[in-house]
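Residues per chain are reported as follows:
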Amino acid sequence: MKVRRELLPENPLLAQITAPSTDADAYLPVHPGALAVYNGTTQSFLDEYSDYIYLGPMILGGIASVLAAAWKFLGIGQPEIREGPLDTLYGLARRIRTVNFENELSDIEDEIDNILKSERLKAEAGDENAVDTATLNVVAHRLENLVHDRRAILLAKPPIASVA
């Protein structure tokens, strides 16, 4: 409509072009989008959808947090608990206390040596899951004391006679 004034001297036919009637009772109703342009009430994309852009991620994040909490609570997809070398060594302590024969103690000592060797090799290879050497030394010392004490108890007992 603004350019019409500039083109009017060249094309007098453009004088007949006028803006449509924006009244609600007009003979030909104006499209609501065109009415917004004529009245100057058009909204930009952000004006129209800013609430959705702002609230959408917040709501989706909240839903994701609730689902993650439910997933964790139900224990879905959790890996099986893997027993580490310290758990194995502490289990050997229980076995040492119930041993009845000297050769069982020797077998347990071999197991301790194998576990300590494998952990030392892991540490040398740079494995971040390897148990530190100070902890292994403390546990090994404790187990050596238990083996020594159990061996002394077994030597003090009279041997068990087998019934034939």
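Check the entry above for the structure.
Since the structure is predicted, the reported quantities are computational estimates derived from the model, not experimental observations.

Q: Any details on the overall build of the chain? Residues and values, ideally.
A: The secondary structure content of the chain amounts to six helices and zero strands. Seen in sequence order, the chain has helices and strands lined up from the N terminus as α-α-α-α-α-α. For a compact globule of 164 residues, the expected C-alpha radius of gyration is about 15 Å, and the chain comes in at 43 Å, more than 25% above that figure. Along the longest, intermediate and shortest principal axes, the C-alpha atoms of the chain span 130 × 35 × 25 Å. When burial is assessed residue by residue, the chain has 15% of its 164 residues classed as buried.

Q: Describe the pattern of salt bridges, and please don't skip the residues or the numbers.
A: One pass over the full model with this rule turns up five salt bridges. A salt bridge links Arg-151 to Glu-109, with the nearest nitrogen and oxygen atoms 3.3 Å apart. Separated by 42 residues along the polypeptide, Arg-151 in helix 6 (residues 133-156) and Glu-109 in helix 5 (residues 102-125) bring together distant segments of the chain. Where Glu-119 meets Lys-122, a salt bridge forms, and the shortest distance between an N and an O atom there is 3.2 Å.

Q: Give a description of the nonpolar core that names residues and reports values.
A: What tends to happen in soluble globular proteins is that the nonpolar side chains get buried as a cluster. Ranked by internal contacts, the top residues of the largest apolar core, which has 16 residues, are Leu-89, Leu-92, Ile-96, Leu-105, Ile-108, Ile-112 and Leu-143. Of all elements in the fold, only helix 4 (85-98), helix 5 and helix 6 reach the threshold of two or more residues within this core. Residue contributions to this core peak at six residues, all from helix 6. Discounting residues that sit within four places of it in the chain, Ile-112 has contacts with Leu-89, Leu-92 and Leu-143.

Q: Tell me about a negative patch on the surface, and please be specific about residues and values.
A: A cluster of acidic side chains, namely Glu-104, Asp-107, Asp-110, Asp-113 and Glu-144, defines a negative patch on the protein surface. With four residues, helix 5 is the single largest residue contributor to the negative patch. Looking at the element boundaries, Glu-104 is found in helix 5.

Q: Outline helix 3 (residues 45-74), supporting the account with residue identities and numerical values.
A: Under the 1.5 Å per step criterion, the end-to-end length of helix 3 is 42 Å for 30 residues, consistent within 8% with the ideal 44 Å. Where helix 3 bends most, at Leu-55, the angle is about 30°, and the proline Pro-57 comes one to four residues later. The buried fraction of helix 3 amounts to zero of the 30 residues, a small share that puts the element mostly on the outside. Positioned one or two residues after helix 3, Gly-75 has a phi angle of 75°, which is positive.

Cut-off values and rules
- Residues numbered from 1 in each chain as written.
- Predicted model: local features only at pLDDT ≥ 70, side-chain atom pairs only at ≥ 80, totals over all residues.
- Heavy atoms only, no water.
- Helix = DSSP H or I, 4+ residues; strand = E, 2+ residues; numbered from the N terminus.
- Rg over C-alpha atoms; globule rule 2.2 N^0.38 Å.
- Buried < 20%, exposed > 50% of the residue type's maximum accessible area, 1.4 Å probe, protein only.
- Salt bridge = Lys/Arg side-chain N within 4 Å of Asp/Glu carboxyl O.
- Core = buried A, V, L, I, M, F, W, Y, C linked by side-chain atoms within 4.5 Å.
- Contact = heavy atoms within 4.5 Å.
- Patch = residues over 30% accessible without salt bridge, like charges linked within 9 Å, V, L, I, M, F, W, Y side chains within 5 Å.
- Areas by Shrake-Rupley, 256 points an atom, 1.4 Å probe, with all protein chains shown as cover.
- Lys, Arg positive; Asp, Glu negative; His and termini not counted.
- Charge placed at Lys NZ, Arg CZ, Asp CG, Glu CD.
- Expected span 1.5 Å × (residues − 1).
- Bend = angle between axes of the 7 residues up to and from the residue.

What is shown is where atoms sit, not what they do.
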